[in-house]
Amino acid sequence: MHIPDGFLSHGMNAATFVISSGACAYGVRRVNRSFGEREVPLMGVTAAFIFAAQMINFPVAGGTSGHFLGAVFSSVLLGPWASLIIMTLVLIVQCLGFADGGLTAIGSNIFNMGVIGALGGYVIFIFLYTLTQKSQKGFFIALAISSWLSVVMGASAAAIELAISGTSPLKVALPTMAGIHAIIGIGEAIITTAAVSLILKTRPDLVTSYVPPTLPSPSRGEGEGEGEGGGGKKVVNEKAT
Amino acid sequence: MKKRLDAFIWMGLGIALLLALLFSPFASTAPDGLEKVAETKGFAEKGESWKFWKHAPLPDYALPWIKNEKLSTALSGLIGTLAIFFIALGIGKLMKRTPTKKGILFIFFSSLIFFFSVSF
């Protein structure tokens, strides 16, 4: 979905650049307020993972390939504003270092994958997650749908930009872009859900958007030989009651 | 707690590096969604006619001086993954440390990345 130089008009590039840099500036402020000591290395590792995963194109129908985007993945892990900054950094490195995505189109690419993908995807995720009353099943359903939508919405935004720039009429660009990315989005949903569930299994505290189900009392300590900290606490609690 | 987070970071970075090193050389080389649409709808040449930024050190995820395509992709992936890890780490630290002057910071890191990629 990385738009190269020459596809978009200069007016379109300028407009999306203003929106994207504004969003990033506000994002820096939000991240500055919310980030602690532990989030910083997590941001580095998330960005590295997204960069590496974006290199791996998987084949989809009709001689086309697609790759992981990671916008909703990082939003769910570190929050939407940190995700926007991560996507921006990845896109800047890909553009300047690897000639992937044009420098004049950087604003549009950040808009499509950061503002629409990360922020828009997160809004949909939270909406769906709250709709399911923050159940564990609902978390994964919301994750799959919002990550699929983040790819389709980003591609649709790219199609609209192409149409406004006069590169390709909207009737042609929108269905083809959205259609192909509807298939690529399935890969996105699978990878996002698998990666987040893997992290939830090993380090649930690192997934900031996840609210552990509270109704059944914490049954995490069931496994034998868990941490001695948890076991100790349980004993204390039982003695207290 | 701190130690366990470190372990997670190293594990995550290790997974990312493995992905870049072992999987990226075998990625599909078919055009991606946008490229395919550009080809079939006849506006692909618009993107090939000119490039604003011509100094990318590793164009198309390859080290220009390595002939072996798979090795070239793997190494460029390794370099890129390490680079983005340190850039994001550094920027995360900067964002956390200084609450004000964020505009100046932004100019600072963009020039930093610029310098980094030119002098690669």
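Residues numbered from 1 in each chain as written. Chains lettered and ligands numbered in written order. Predicted model: local features only at pLDDT ≥ 70, side-chain atom pairs only at ≥ 80, totals over all residues.

S.K.: For this particular structure, what's the right way to read the overall build of chain B?
M.R.: Secondary structure summary: chain B contains five helices and zero strands in total. Helices and strands in chain B line up, N terminus first, as α-α-α-α-α. The buried share among the 120 residues of chain B stands at 27%. (Helix = DSSP H or I, 4+ residues; strand = E, 2+ residues; numbered from the N terminus. Buried ≥ 20, exposed ≤ 12 C-beta atoms within 10 Å, placed from the backbone.)

S.K.: Is there a simple way to explain the overall build of chain A in this structure?
M.R.: On a plain count of helices and strands, chain A comes out with eight helices and two strands. Reading the helices (α) and strands (β) of chain A from amino to carboxyl end gives α-α-β-β-α-α-α-α-α-α. Looking at chain A as a whole, 54% of its 241 residues qualify as buried. By sequence separation, contacts in chain A at least 24 residues apart represent 71% of the contacts at least 6 residues apart. (Contact = placed C-beta atoms within 7 Å.)

S.K.: What am I meant to see in the packing of helix H5 (residues 106-131) of chain A against helix H6 (residues 136-164) of chain A here?
M.R.: To describe two helices that pack against each other, one gives the angle between their axes and the distance between the axes. All names here are of chain A. In the contact formed by H5 and H6, the axes pass within 8 Å of each other and the chain directions differ by 150°. It follows from the interaxial angle that H5 and H6 lie roughly antiparallel. For the pair H5 and H6, the sense of crossing is right-handed. Of the residues contributing to the contact of H5 with H6, the split by class is 16 nonpolar, 10 polar and one charged. (Axes fitted to C-alpha atoms, helices over the stretch in contact; angles between N-to-C directions. Parallel < 35°, antiparallel > 145°, perpendicular 65-115°, else oblique. Left-handed = near helix turned anticlockwise from the far one by under 90°. Nonpolar A, V, L, I, M, F, W, Y, C, P; charged D, E, K, R; others polar.)

S.K.: So what exactly am I meant to see when it comes to unusual backbone geometry here?
M.R.: A negative phi holds for most residues other than glycine; trans holds for most peptide bonds. Phi angles above zero are rare outside glycine, and Gln133 of chain A is one such case at about 55°. Mapped onto the elements, Gln133 of chain A comes out in the loop between H5 and H6. Positive phi, close to 55°, is recorded for Tyr61 of chain B, a residue that is not glycine. Overall, Tyr61 of chain B belongs to the buried group, with 23 C-beta atoms counted inside 10 Å.

S.K.: Would you explain the environment of Gln94 of chain A in this entry?
M.R.: Residues and elements named next belong to chain A. On the secondary structure map, Gln94 appears in helix H4 (residues 80-98). Separated by 43 residues in the primary sequence, Gln94 and Phe51 have C-alpha atoms spaced 8.3 Å apart. The contacts of Gln94, once residues within four sequence positions are left out, are His2, Asp100 and Gly101.

S.K.: Would you mind showing me how to read the interface of chain A and chain B here?
M.R.: Each partner contributes residues to the interface: chain A has 60 residues there, and chain B has 55 residues. Where the side of chain A that touches chain B is concerned, the elements lending two or more residues are helix H1 (10-34), helix H2 (39-54), strand E1 (58-60), strand E2 (64-66), H4, H6 and helix H7 (170-202) of chain A. The element best represented in the side of chain A that touches chain B is H2 of chain A, accounting for 11 residues.

S.K.: Would you explain the environment of Ala158 of chain A in this entry?
M.R.: All names here are of chain A. Mapping Ala158 onto the fold places it in helix H6. Among the residues examined, Ala158 registers 30 C-beta atoms within 10 Å and is labelled buried. With 150 residues separating them in the primary sequence, Ala158 and Leu8 have C-alpha atoms 9.5 Å apart.

S.K.: Looking at this structure, I do not really get the environment of Thr29 of chain B. What am I missing?
M.R.: All names here are of chain B. Checked against the element boundaries, Thr29 lands in the loop between helix H1 (2-23) and helix H2 (33-40). Exposure remark for Thr29: the 10 C-beta atoms within 10 Å place this residue in the exposed category. For the pair formed by Thr29 and Lys51, sequence separation is 22 residues and the distance between their alpha carbons is 21 Å.

Everything listed is a geometric property; what it means functionally is a separate question.
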